[in-house]
Each structure stands twice: as C-alpha cells, then as structure tokens.
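Listed below, chain by chain, are the residues.
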Amino acid sequence: MTPAAARLQGSVPPLIAEHDTWITLDPVVGCPADCAYCYLGVLGLRATKPVARVSPRDLADEVDRYLSGRRAEVMDPLDDPTPLCLGNHTDMMMSPENRRATVEVLRELSRRIPPRTMVLITKAVLREDTIAEIDAIGWPVVWFFSQSLARTAGIPLEAGRTARLEETLANARLVSASRNQHAVHFWRPFVRELLPDPASLETVVESLHASGMRCSVLNGLRLGPGVPQDDARLRTHLAETMRAGEGATEVFDRERWGQAVRAGRRTEYPLYRHSSCALALVRSAREQLGTWNPTVFADRCTPCSCPAWQRRLCAPDAPVAGDGLLGGPAALRARIARFLGIGEDHVLVDEARKHIHVDAAVPEFDYNTLLHALRGTFVVAARSIVWQRAWESGWPTAAGRHAQDGSGTPIESMVPK
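Residues numbered from 1 in each chain as written. Predicted model: local features only at pLDDT ≥ 70, side-chain atom pairs only at ≥ 80, totals over all residues. Heavy atoms only, no water.

Enquirer: How should the overall build of the protein chain be read in this particular structure?
Expert: Scanning the protein chain from N- to C-terminus turns up 17 helices and 18 strands. When each of the 417 residues of the protein chain is scored for burial, the buried share is 57%. Considering only intrachain contacts with a sequence separation of at least 6, the fraction spanning at least 24 residues in the protein chain is 73%. Accessible surface, the protein chain: about 16,800 Å² in total, of which carbon and sulfur atoms supply 52%. (Helix = DSSP H or I, 4+ residues; strand = E, 2+ residues; numbered from the N terminus. Buried < 20%, exposed > 50% of the residue type's maximum accessible area, 1.4 Å probe, protein only. Contact = heavy atoms within 4.5 Å. Areas by Shrake-Rupley, 256 points an atom, 1.4 Å probe, with all protein chains shown as cover.)

Enquirer: Please clarify how the packing of aromatic side chains should be interpreted in this entry.
Expert: Any two aromatic rings considered together are summarised by their centre-to-centre distance and by the angle between their planes. Overall, the coordinates contain six aromatic pairs when judged by the stated rule. Judged by centre distance (5.9 Å) and plane angle (5°), the rings of Trp143 and Phe145 are stacked. What makes Phe145 buried here is its relative accessible area of 0%. Aromatic pair Trp187 and Phe190: ring centres 5.2 Å apart, planes at 85°, arrangement edge-to-face. (Phe/Tyr/Trp six-rings, centres within 6.5 Å; stacked < 30°, edge-to-face > 60°.)

Enquirer: Before we go on, may I ask you to explain the pairing of strand E10 (residues 181-187) in this structure?
Expert: Consecutive residues of a regular strand have side chains that alternate between opposite faces of the sheet. Of all seven residues that make up E10, six are buried, and the element is covered over most of its length. Bridge count between strand E8 (residues 141-146) and E10: six bridges; the pairing is parallel. What sits directly across from Val142, in E10, is His182. Where E10 lies against strand E11 (residues 216-218), three bridges are found, and the strand directions are parallel. Directly across from Trp187, in E11, lies its bridge partner Leu218. (Pairing = 2+ DSSP bridges.)

Enquirer: Looking at this model, I keep getting lost on the environment of Thr130. Mind explaining?
Expert: Mapped onto the fold, Thr130 is located in helix H4 (residues 128-137). Leaving out residues up to four positions away in the same chain, Thr130 has contacts with Met93 and Arg99.

Enquirer: Any chance you could explain the pattern of salt bridges here in plain terms?
Expert: For side chains bearing opposite charge, pairing can occur when the charged atoms are close. Going through the model one piece at a time under the given rule, you end up with 27 salt bridges. For Arg70, the salt bridge identified is with Asp366, shortest N-O distance 2.9 Å. Taken as a pair, Arg70 in the loop between helix H2 (56-68) and strand E6 (84-86) and Asp366 in helix H15 (residues 364-374) lie far apart in primary sequence, 296 residues in all. Look at Arg70 and you get partly exposed, because its relative accessible area is 39%. (Salt bridge = Lys/Arg side-chain N within 4 Å of Asp/Glu carboxyl O.)

Enquirer: Can you help me understand the packing of helix H14 (residues 329-340) against H15 in this one?
Expert: Angle between the axes and distance between the axes are the two parameters that describe a pair of packed helices. Where H14 meets H15, the closest approach of the two axes is 11 Å, and the angle between their N-to-C directions is 150°. Between H14 and H15, the angle is such that the two are roughly antiparallel. When you trace H14 past H15, the crossing you get is right-handed. Within the contact between the two elements, H14 uses Leu332, Ile336, Phe339 and Leu340 and H15 uses Asp366, Thr369, Leu370 and Leu374. For the contact of H14 with H15, the per-class residue count stands at six nonpolar, one polar and one charged. (Axes fitted to C-alpha atoms, helices over the stretch in contact; angles between N-to-C directions. Parallel < 35°, antiparallel > 145°, perpendicular 65-115°, else oblique. Left-handed = near helix turned anticlockwise from the far one by under 90°. Nonpolar A, V, L, I, M, F, W, Y, C, P; charged D, E, K, R; others polar.)

Enquirer: Any chance you could explain H4 here in plain terms?
Expert: Each α-helix turn comprises 3.6 residues. Residues three or four places apart therefore point the same way. For H4, every residue scored as buried is listed here: Thr130, Ile131, Ile134, Asp135 and Ile137. Looking down the long axis of H4, one finds its buried residues gathered within 150° of arc, a one-sided arrangement. Projecting away from the buried face of H4 at angles above 90 degrees are the exposed residues Glu128 and Ala136. Along its buried surface, H4 packs onto helix H3 (96-112), strand E7 (118-122), E8, helix H6 (165-176) and E10. (Arc of directions from axis to C-beta.)

Enquirer: For this particular structure, what's the right way to read the nonpolar core?
Expert: Burial of nonpolar side chains together is a common tendency in soluble globular proteins. Leu25, Leu109, Met118, Trp143, Phe144 and Trp187 are the most contacted members of the largest nonpolar core, which totals 91 residues. Those residues in contact with Phe144 that lie beyond four places of it in its chain are Trp22, Val119, Leu120, Ile121, Thr122, Val184, Phe186, Val217, Ser275, Ala278 and Leu279. Counting 23 residues, the second-largest nonpolar core is a separate cluster that includes Met75, Ala337, Ala360 and Ala373. (Core = buried A, V, L, I, M, F, W, Y, C linked by side-chain atoms within 4.5 Å.)

The structure is reproduced here in structure tokens:
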C-alpha cells in the first residue's frame, strides 16, 4: 500500500470485490470528475486526485490468489466467465497516471491468469494511443461509456473533463475499429429532466447505433445508501425526480424507456436494463445472472430491445457452457454449505423449480459469487443479505419488488454490515 493510500483507509472499498455482474478491481481510488449523482461523493472520493493503492504487479498477484483461493471452492478458475472490472472508484481514463495504470494492469494480468473479459467504465474522451496499447495485449475489453445527456440538456450535474455526447460517439467509433474491444453505452441516470423529446430521443438511439455502440444499458437515479442526496445540484436540477423518489430506491423514466425500446427495435439497436445482458450480447453467449429465468424474465428480459439470436442463446433450455456448480442437488447443497460455512440443513435445493434457499445471513459478495457460479440456472434466496458496499446491488434491491408482486430476486431482507 502506498503512503497516500494509507491515509484513505476507512473510506475506500476492498481491493477486490465480487459485485453482481463482475469482479471489481480498485488499485486506484479518487475521481477528478464531480458528478452530482455519483456514489463516490459520500466516500469523499469525488473531485479528488486519484491515489494508487497498490502497484499493477501486486494487484495481479492478488487477483491470481483471489481466483484460486476460497472462491475456487465453488468455481474452477479455468472455467469461469466472470468479467473483471477495473476502477469502480475512479475513472481510469481521466488522468495520464490512470491511463498508464490501466495498460500496466492489463499487461500484468495477462502474465498471470488466462484471458477473461475486462470491463472499463469511463466518462472521459479516449486517446487513440491508449486504445492501441490495450488492443496489443489481446484481452477482450468492453468499454462502458457513461453518458447521461446532462451536458446536452444544459444541466450542470457533471463537472470536470466529462465527454459530451459527440465525444462519446467518437469514443465508440474509435473502439469499434479495434480488434479486441467493444463499446457499450451506459445511459445513467435515465430520468425525465435529462432526456430529450420523443423525436429527439429516437435520433439519439439512431446515433448510438451508427457510432458502433453494441447496445445501451439504462439505469435510473439510485436513491439508496451511498447516494449523495444532499448535493444541491440534485434538488435544483432534478427536482421532479427527487420528489418522485421519496421512499424509493431508484427513479427511472419508464415512459421514455418504452419510447427508447421502440426506437431500438425499429433500428435493431439493443437496449437493456442490466449490464450482464450487454456482456452476453458482446460475447455472443448466454446471460450469466439469469435475467432469462422464467421466475424473473417478465420483469428483467422481455421489456428490453434484444435481437432474436441473442434471445435464443438465453432460452431457458439452451445449453450451459462449462460445469460451474451444476450437479446433483446433494452435491450442490454440500458445496454451497461448505463455501458459506453453514450446515447443509440450512441449504434447500429445489431442482424442479430451479430454486435455492439459504436459511442464513449471506454476505453480499458471497451471494454474488454463488450467482456467478450458478450462471443463472437457479434463483437464489437467502434469509438476508449483508451489504458490503456503500450502495445497494441491483440484484438484492429487487427483494422488495419480489416480496410485493413476485418479481425480482427473492431475498427476504437486507441488513447493513
């Protein structure tokens, strides 16, 4: 750990964490940008100089140990499609040091573990030399370009060197010309004040498609733990959204979502609500968290604009690549119980309904590890999920909806750590 990073202890995330869609790697913390809705605000990591916590070589060593350690009890590291995501508590493209660290991390990882998808999330304007250096390493990279259209709407929610829409589209064109990289649009927060009129919305969708974006993933404004709701810019410029969000965990413009999906279907451009769907599309593979599972697909899958060929890959009866945790109910129950450190009598596996219930409080990262190991073939419920980060995961947040109307992931309660 660097001296500067040591001063940040208590306000930073784990170096490696199992999130719902990917495994996050955070060797650098602190973001130069200052976006009103960003979870880094409550951590004191917004509008700050990025600080390196470990070297790229040390990070690669830790990743190797993580993948082959306790996690390997439920998942073979050589048979594991879970992506890595670099820099969730910074923007890895917003400073020369961060860009250099990105390339060095990829190089060090390529020397220690087999290739796996790397996700990079940015609001910055990309440099052609960075794309070339990353491409030469040979790993598959999926860029999630975060673009809310706030600057297009003239609403000052994002301070710093964040890309305008035209620059985000140029990023996509640059990436789509590479050999090993793909562009995805992260449309967040998708709320009324930031969106154009319906005709202009269709034009935006057409522009995204023409730029080489593979798809868009749309998220609303999260209002749960970790969201800086005291930021005056939210109350001033997103007043309607903030009023609508009282008592809610997310505000999402469902009317404009329907308009965007219709535009996407007309232009054959996919729009999703979940990043796992975007990764499945890019990889031409079955989605790994089970948005297609019959228990939840009406809420998570069918409303999206998704090509027919991808839906066939995600059909419930489609073959599953690799073994994962698949096996007889008895072996499955034993492996889950051993991984969680609980008795087998606390794990119920319903093979017929493809449902697993864990009668225990399960740490969020362990819950996510089980999701990754099961690859969507089972819906997993637990007595409770113990949060391990400042903001709620999209999957555990669905617990409330499931309790009310049967949709979402059936987790009975969540408690803070």
